[in-house]
Amino acid sequence: MLWPLAAGSLLHLAVRSSTGSASDLAILWRSGASLVDGGPLYDAGLEFIYPPLAGWLVAPLGLLPFRSAVVVVVLAGLAAVVAATVLVLRLVGIPPTSPVLPGVLLVLAHSRPLVGLLDQGNVDTFLLLAEAGVIALLVARRDIAARVLLGAVCAVKPTLAPALVALVVLGRGRALVAAVTSGVVLTVVGLLTVPDRGVFVSDVLPLLAGGNRPELAPFNRSLHGAAVQLGLPPALDLVLRIAAFGLACWVAWRRRSGPQAPLEVVPLLMLGTMLASSFSWANYGIYLLPLLVTAVRADSLVRSWPAWAGVYLFATTDAWHVDGLTGLPDTLLRLLPLAGWLLLLGACAGTAHRSTAAAPLRWSRLRRRRATPS
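Side note on the nonpolar core
Consideration 1: Core analysis: the largest hydrophobic core is formed by 83 residues, its most contacted members being Leu-150 and Leu-344.
Consideration 2: Counting residues per element, this core draws most heavily on helix α14 (residues 261–276), which supplies 10 residues.
Consideration 3: Once residues lying within four places of it in the same chain are set aside, the contact partners of Leu-344 are Leu-271, Leu-288, Leu-291, Leu-292, Val-302, Ala-307, Gly-310, Val-311 and Phe-314.
Consideration 4: Residues Ile-27, Tyr-42, Phe-48 and Ala-54 belong to the second largest nonpolar core, which totals 29 residues.

Some thoughts on a nonpolar patch on the surface
Consideration 1: Among the surface-exposed residues, Leu-230, Leu-232, Leu-236, Val-239, Leu-240, Leu-328 and Leu-332 lie close enough to one another that they form a single nonpolar patch of about 570 Å² accessible area.
Consideration 2: Secondary structure elements with two or more residues in the nonpolar patch: α13 (234–254) and α17 (327–334).
Consideration 3: No other element matches the three residues that α13 contributes to the nonpolar patch.
Consideration 4: The topology assignment puts Leu-240 in helix α13.

Quick notes on the layout of surface pockets
Consideration 1: Taken as a whole, the largest pocket holds about 1200 Å³ of empty space.
Consideration 2: Lining the largest pocket are 42 residues; nearest its centre among them are Lys-157, Asn-212, Phe-279, Trp-281 and Tyr-284.
Consideration 3: When contributions to the lining of the largest pocket are tallied by element, the ones reaching two or more residues are α2 (23–36), α6 (112–120), α11 (197–209) and α14.
Consideration 4: Partitioning the lining of the largest pocket into residue classes produces 21 nonpolar, 13 polar and eight charged.

Concerning the side chain of Arg-172
Consideration 1: Residue position: Arg-172 is located in the loop between α9 (162–169) and α10 (173–193).
Consideration 2: Given a relative accessible area of 7%, Arg-172 falls into the buried group.
Consideration 3: At 3.2 Å, the side chain of Arg-172 forms a polar contact with the backbone oxygen of Leu-138.
Consideration 4: Other than its neighbours up to four places away in sequence, Arg-172 contacts Leu-138, Arg-141, Asp-143 and Leu-167.

Here's the deal with the environment of Asp-330
Consideration 1: Here Asp-330 lies in helix α17.
Consideration 2: By relative accessible area, Asp-330 is classed as buried at 12%.

Some words on the pattern of salt bridges
Consideration 1: Summed over all chains, the structure comprises nine salt bridges.
Consideration 2: Across the pair Arg-213 and Glu-215 runs a salt bridge whose closest N-O atoms are separated by 3.4 Å.
Consideration 3: Two residues, Arg-334 and Asp-330, come together in a salt bridge whose shortest N-O distance is 3.0 Å. You can see Arg-334 and its partner Asp-330 sitting in helix α17, four residues apart, about one turn around the helix.

Some words on helix α7 (residues 124–139)
Consideration 1: For α7, with 16 residues, the first-to-last C-alpha span of 22 Å sits near the 22 Å given by 1.5 Å per residue.
Consideration 2: Of all 16 residues that make up α7, 13 are buried, and the element is covered over most of its length.
Consideration 3: Positive phi appears at Arg-141, one or two residues downstream of α7, with a value of about 60°.

Thoughts on unusual backbone geometry
Consideration 1: The backbone phi angle of Leu-46 is positive, close to 50°, even though this residue is not glycine.
Consideration 2: Structurally, the position occupied by Leu-46 is in the loop between α2 and α3 (52–58).
Consideration 3: One non-glycine residue, Arg-141, lies in the positive phi region at around 60°.
Consideration 4: Inspection of the secondary structure puts Arg-141 in the loop between α7 and α8 (143–156).

Some remarks on the packing of aromatic side chains
Consideration 1: The final tally for this structure, using the stated rule, is seven aromatic pairs.
Consideration 2: Three or more aromatic residues link up through ring pairs in this structure, and these residues are Tyr-42, Phe-48, Tyr-50 and Phe-200.

Some points on the packing of α7 against α8
Helix-helix packing is described using two parameters, namely the angle between the two axes and the distance between the axes.
Consideration 1: Axis separation between α7 and α8 bottoms out at 8 Å; the angle between their running directions is 160°. As far as their axial angle goes, α8 and α7 are roughly antiparallel. Where α7 crosses over α8, the handedness of that crossing is left-handed. Listed contacts from α8 to Leu-127, Ala-130, Gly-133, Val-134, Leu-137 and Leu-138 of α7 are Asp-143, Ala-145, Ala-146, Leu-149, Leu-150 and Val-153.
Consideration 2: Here the residues of the contact of α7 with α8 sort into 10 nonpolar, one polar and one charged.

Observations regarding the side chain of Asp-124
Consideration 1: Residue placement: Asp-124 occurs in helix α7.
Consideration 2: Asp-124 gets classed as buried once you look at its relative accessible area, which sits at 0%.
Consideration 3: A distance of 2.6 Å separates polar atoms of two side chains, one belonging to Asp-124 and the other to Lys-157.
Consideration 4: In contact with Asp-124, other than residues within four places in its own chain, are Leu-117, Lys-157, Thr-159, Tyr-284 and Tyr-287.

What counts and how
- Residues numbered from 1 in each chain as written.
- Predicted model: local features only at pLDDT ≥ 70, side-chain atom pairs only at ≥ 80, totals over all residues.
- Heavy atoms only, no water.
- Core = buried A, V, L, I, M, F, W, Y, C linked by side-chain atoms within 4.5 Å.
- Buried < 20%, exposed > 50% of the residue type's maximum accessible area, 1.4 Å probe, protein only.
- Helix = DSSP H or I, 4+ residues; strand = E, 2+ residues; numbered from the N terminus.
- Contact = heavy atoms within 4.5 Å.
- Patch = residues over 30% accessible without salt bridge, like charges linked within 9 Å, V, L, I, M, F, W, Y side chains within 5 Å.
- Areas by Shrake-Rupley, 256 points an atom, 1.4 Å probe, with all protein chains shown as cover.
- Salt bridge = Lys/Arg side-chain N within 4 Å of Asp/Glu carboxyl O.
- 1 Å grid on protein atoms, 1.4 Å probe; cavity = no way out; pocket = protein on both sides within 12 Å on 5 of 7 lines; lining within 4 Å.
- Points joined across faces, edges and corners; volume = space filled by probe spheres on them.
- Nonpolar A, V, L, I, M, F, W, Y, C, P; charged D, E, K, R; others polar.
- Polar contact = N/O pair within 3.5 Å; in protein donor to acceptor, adjacent residues only side chain to side chain.
- Expected span 1.5 Å × (residues − 1).
- Phe/Tyr/Trp six-rings, centres within 6.5 Å; stacked < 30°, edge-to-face > 60°.
- Axes fitted to C-alpha atoms, helices over the stretch in contact; angles between N-to-C directions.
- Parallel < 35°, antiparallel > 145°, perpendicular 65-115°, else oblique.
- Left-handed = near helix turned anticlockwise from the far one by under 90°.

Below, the structure written as structure tokens:
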């Protein structure tokens, strides 16, 4: 019964996004077209801030009329999200024939992250599929394939770099070395093949380290973005960022065991990085999908109402904003996705603490039962 609702919602989203502004894709399309024509990859305003290898991947889009490129990216991105959803659901034992699949797709079709990504023509939809692929390969213990995929993705857009830390937490050290090596090699290849290779090192990397362009500060949903918008002291900003990432690492470390550990560890470290980085878009919440689907398991970190209250805060649309509202109230409303991420991380930490605290108690009871004579 849910399939007509899911299919209709996805179709409506595809049509609306294909006829929208696609502001992110416009930047990629212009840079790709420039590279195809033998011009520079990076524009004077540094709107294109991807690694050089990404330029060659988007170059074919520059051969198409812009509106045609928008349709291609939107449809392909939507297909990537559906494929990623099918994959992560299968990892938790939910087959494609289950009514859970259309239910999840229906929610995604109305969620802030997916609506925002498709409306902007953003490529993070493809990175969600890459994240799901890396997790599936790690669950299957196919570390070689996982490291090749992860290294290649990071060379195109390093959004999945937290998965490199996940390899350490999961005890896949050799896969980490190989992933870093392949990513570095591909990045060097990109640097050597674009005409303005020096711009990436001299201008783009410092820009990203500083939190992107100043005019984008109101859209920054990381803890650093909140600290800047609220005027918090830099020292407090640093402490909060370290604490958030440290907490995410602690929860991931507690959940590192078991055959399906990558389903939780990878998105947990993505969440910690989203909080601690210099810049995070609200749409990055899409990367938490693998963690959220584990709710079907009895031992999941997200089987609590605070966790889903957090999901509600970062997954709902911009309808929270009030026209004419200014100052601190407006800023706080815009930071609701950040509040959702923090609430989700706190809920996961609470569940991890309770589960680990209960383990010694269960063990002591078991020993007492064994010691009692029959």
